Amino acid sequence: MRPIEESEWPAFVAVDYEAFSATYPVEIADRWREVLEIDRLLSAFDGDLMVGCAAALSFEMTVPGGPIPVAGVTSVGVLPSHRRRGVLTALMTRQLHGLHEEGREAVAALYASQAAIYGRFGYGRAADTLNFRIPTHGSVFTRSAPADPALRLRVAGPADALADLRRIYDAVRPGRPGMYARSDGYWRTEILPDTEHDRGGMGPLRCLIAEDATGARGYALFRAKAGWDEHGVPDGEVRLLELFASDPAAYALVWRGVLDRDLCTVVHAERRPVDDPITHLLAEPRQLHAGWFDDLWIRLVDVDRALASRAYAAPADLVLDVQDEFCPWNAGRRRLVTDKASCEPTGAPADLTLPVDVLGAAYLGGRSLRAAADAGLVREHRPGALRELSAAMAWDPAPWGCRVF
Ligand SMILES: CC(C)(COP(=O)(O)OP(=O)(O)OC[C@H]1O[C@@H](n2cnc3c(N)ncnc32)[C@H](O)[C@@H]1OP(=O)(O)O)[C@@H](O)C(=O)NCCC(=O)NCCS
C-alpha cells in the first residue's frame, strides 16, 4: 500500500471504474482529478497490479459552531478479483493512521455506497437526507407562506450566474453542519458540468434565481424533461439538484418557480435536508412522498481534538470511556468540558461508555445519543450523564452535506 504517482492516475481510475461498475465515459473521471490532491491518493497493490484505492479530500466542513478542516474520504474501491480479502480494511487502516500522524484533520467524513460498509472502521451515520417526489398538483403552499413583492424570478445560465450561486451557497454554508466549502474546481467539475452523461436522460442544467434590486437572494439548479402521456396531457418532470436561499421569502419563491414549471407534473427533489422548510410550506406535506436514507458518515480521527473543535448546545462536564479498536489512540477515558472547549485523557471514573462510531454519529448534532442508548449502544454509569451529553451534542439545524463527494 502506498500513495500513487501522477503517472498512475489512469490505473487508479481503472480500479474505481471496475469496482463501481461505472457507466460514464472514462474521461469524466479526469474531472475528479482536478479536485483530488495526488499525495492524498492511496492504492493497494498485488505485485505490480493496482487492486484497491482510496482518496482523501481536504475540506472545510461546517460542524456545530462553524467550519473546521475535515478529510473527505472518497474514491474507495477494490477490484472484484480481490474483494473480501481485507484490502479495504488495510486501506482504511493506513488512511486513518496516516490522517492521525499528519494531524491536519481531526475528523473524516464520507458518503457510503452501502450503509453496511463503514461502521466497522469507526464511522457513524451522522446525517440523514430526504428524497421528495412532489406531484405539482399537490404543491399548494399554506396561506402563511412568506412573500416579498420586491422579489422576482430570473432564468439564468448556471455558469453565468456562478458568482451569485457561490455567494448564496457561502452565506448558507457556515450555519449548517455537514455543508462543505466548494473550491473553484469543485464548482466547475462537480456542480456545473452538463454533458449527456450528466444529464442522465434529462435536459440541460437550468438555473432560476430569486432577486430584488439589491441582487440575488436565492437559486435553484435543476433539470427538466418535457413529455405528454398517451392522451396528449403534458406530464413533464423536474429534477431539482440544489436550492438555497438567504431568506424565507426568496426560498419560497424559488421553490414556487420549480414547482410551477409549465408542462411538468412532478418534481423529484433529491437529497434534501430532513428539516427542509418545504415541509412547512406545503399545505399538504404528505404530497412530498418523502423517502429517507443516510447522508454523511463521520469518523472521529482524533477524539479529543474533534470534541474540542465543535460548539455545544448545553454545558456538559463528563468522563467518556471511548471504545475504538481501529484507532487505539482514541480508546479509554477522557474528560469533556464543553465550557472550556477541552477534551483530555483522564484517570477519573467513566460517566458513559460508548463506541467511537456512536460518538461520530452524534458529532454533527443530528443523531440522538438517547436513541443510541435505547438501542443498547451507550452505557450510563452516572445517572443523568446520558441526558447531559445528549443535550450538549444536539444541534439545530440538522446536518446535511447536500452533494455527494
Ligand atoms: C466495498 C469494498 C470496497 C469492500 O472491499 P473489500 O476489500 O472486499 O473489503 P474487506 O475484505 O476489507 O472487508 C472487510 C469486512 O467488511 C465486510 N464488507 C465488505 N464490503 C461489504 C459490503 N458491501 N457490505 C457489507 N459488508 C462488507 C467484509 O465482509 C469484511 O467483513 P469480515 O471481516 O467480517 O469478513 C468493495 O467490495 C468494493 O469496491 N465495492 C464496490 C465499490 C464500493 O462500494 N466502494 C465503497 C464506496 S463508498
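From a predicted model like this one, the values you see are computed outputs, not experimental measurements.

Participant: Explain the site of the ligand to me, and be specific about the residues and the numbers.
Facilitator: Around the ligand, the surrounding shell holds 20 residues, and the nearest of these are Arg 84, Gly 86, Thr 89, Ser 113 and Gln 114. A distance of 2.5 Å separates an oxygen atom of the ligand from a polar backbone atom of Arg 84. In the complex, the protein chains occlude 73% of the 890 Å² of accessible area that the ligand would expose alone. If you list the elements that add at least two residues to the shell around the ligand, you get strand 4 (66-78) and helix 3 (87-102). For the shell around the ligand, the class distribution of residues is 11 nonpolar, 5 polar and 4 charged.

Participant: An account of the environment of Arg 182 is needed here, citing residue identities and associated values.
Facilitator: Within the secondary structure, Arg 182 is located in the loop between helix 4 (162-172) and helix 5 (184-191). Along the sequence, Arg 182 and Glu 60 sit 122 residues apart, while their C-alpha atoms lie 8.6 Å from each other. Setting aside residues no more than four positions away along its own chain, Arg 182 makes contact with Arg 166, Tyr 169, Trp 187, Ile 191, Tyr 219, Glu 242, Cys 402 and Arg 403. Engagement of the side chain of Arg 182 in a polar contact is seen with the side chain of Tyr 169, the distance being 3.4 Å. Only 2.9 Å separates the side chain of Arg 182 from the side chain of Glu 242, close enough to count as a polar contact.

Participant: Outline the pairing of strand 18 (residues 352-355), supporting the account with residue identities and numerical values.
Facilitator: Of the two faces of strand 18, the one lined by Leu 352 and Leu 354 and the one lined by Thr 353 and Pro 355 are each fully buried. Direction of pairing for strand 15 (residues 317-323) relative to strand 18: parallel, over a ladder of 4 bridges. Residue pairing for strand 18: Asp 321 is matched across the bridge by Thr 353. Across 2 bridges, the pairing between strand 18 and strand 19 (residues 379-380) is antiparallel.

Participant: Outline the packing of helix 2 (residues 27-35) against helix 5, listing residues and values.
Facilitator: The angle between the axes and the distance between the axes are what describe a pair of packed helices. Across the interface, helix 2 lies against helix 5 with an axial gap of 9 Å and an inter-helix angle of 165°. As far as their axial angle goes, helix 5 and helix 2 are roughly antiparallel. Pair helix 2 / helix 5 crosses with left-handed handedness. Each of Arg 31, Trp 32, Glu 34 and Val 35 in helix 2 lies in contact with helix 5, whose residues at this interface are Gly 185, Tyr 186, Arg 188, Thr 189 and Glu 190. Residue classes in the contact of helix 2 with helix 5 are distributed as 3 nonpolar, 2 polar and 4 charged.

Participant: Go over the domain arrangement of the protein with me, naming the residues and quoting the values.
Facilitator: Parsing the protein into structural domains produces domain 1 (2-105), domain 2 (129-294) and domain 3 (303-393). If you average the C-alpha positions of domain 2 and of domain 3, the two centres end up 37 Å apart.

Participant: Just give me the short version of the nonpolar core, but keep the residues and values in it.
Facilitator: Grouped together as the largest cluster of nonpolar side chains are 83 residues, with contacts concentrated most on Leu 300, Leu 307, Tyr 363 and Phe 405. Broken down by element, this core gets its largest block of residues, 8 residues, from strand 3 (residues 49-63). Core analysis: the next-biggest nonpolar cluster, separate from the first, contains 29 residues, Phe 141, Leu 151, Ala 245 and Tyr 251 among them.

Participant: Report on the packing of aromatic side chains, specifying residues and quantitative values.
Facilitator: Applying the stated rule across the entire model yields 15 aromatic pairs. Aromatic side chains Tyr 169 and Trp 187 sit 5.7 Å apart centroid to centroid with 85° between the ring planes, which places their arrangement in the edge-to-face category. Note that Tyr 169 is positioned in helix 4 and Trp 187 in helix 5, a separation of 18 residues in sequence. Overall, Tyr 169 belongs to the buried group, its relative accessible area being 0%. When the ring centre of Tyr 169 is taken as origin, the NZ or CZ atom of Arg 182, which lies over that ring, is 3.9 Å away.

Rules behind the numbers
Residues numbered from 1 in each chain as written. Predicted model: local features only at pLDDT ≥ 70, side-chain atom pairs only at ≥ 80, totals over all residues. Heavy atoms only, no water. Near = heavy atom within 4 Å. Polar contact = N/O pair within 3.5 Å; in protein donor to acceptor, adjacent residues only side chain to side chain. Areas by Shrake-Rupley, 256 points an atom, 1.4 Å probe, with all protein chains shown as cover. Helix = DSSP H or I, 4+ residues; strand = E, 2+ residues; numbered from the N terminus. Nonpolar A, V, L, I, M, F, W, Y, C, P; charged D, E, K, R; others polar. Contact = heavy atoms within 4.5 Å. Buried < 20%, exposed > 50% of the residue type's maximum accessible area, 1.4 Å probe, protein only. Pairing = 2+ DSSP bridges. Axes fitted to C-alpha atoms, helices over the stretch in contact; angles between N-to-C directions. Parallel < 35°, antiparallel > 145°, perpendicular 65-115°, else oblique. Left-handed = near helix turned anticlockwise from the far one by under 90°. Domains from an automatic or database assignment. Core = buried A, V, L, I, M, F, W, Y, C linked by side-chain atoms within 4.5 Å. Phe/Tyr/Trp six-rings, centres within 6.5 Å; stacked < 30°, edge-to-face > 60°. Lys NZ or Arg CZ within 6 Å of the ring centre and 35° of its normal.

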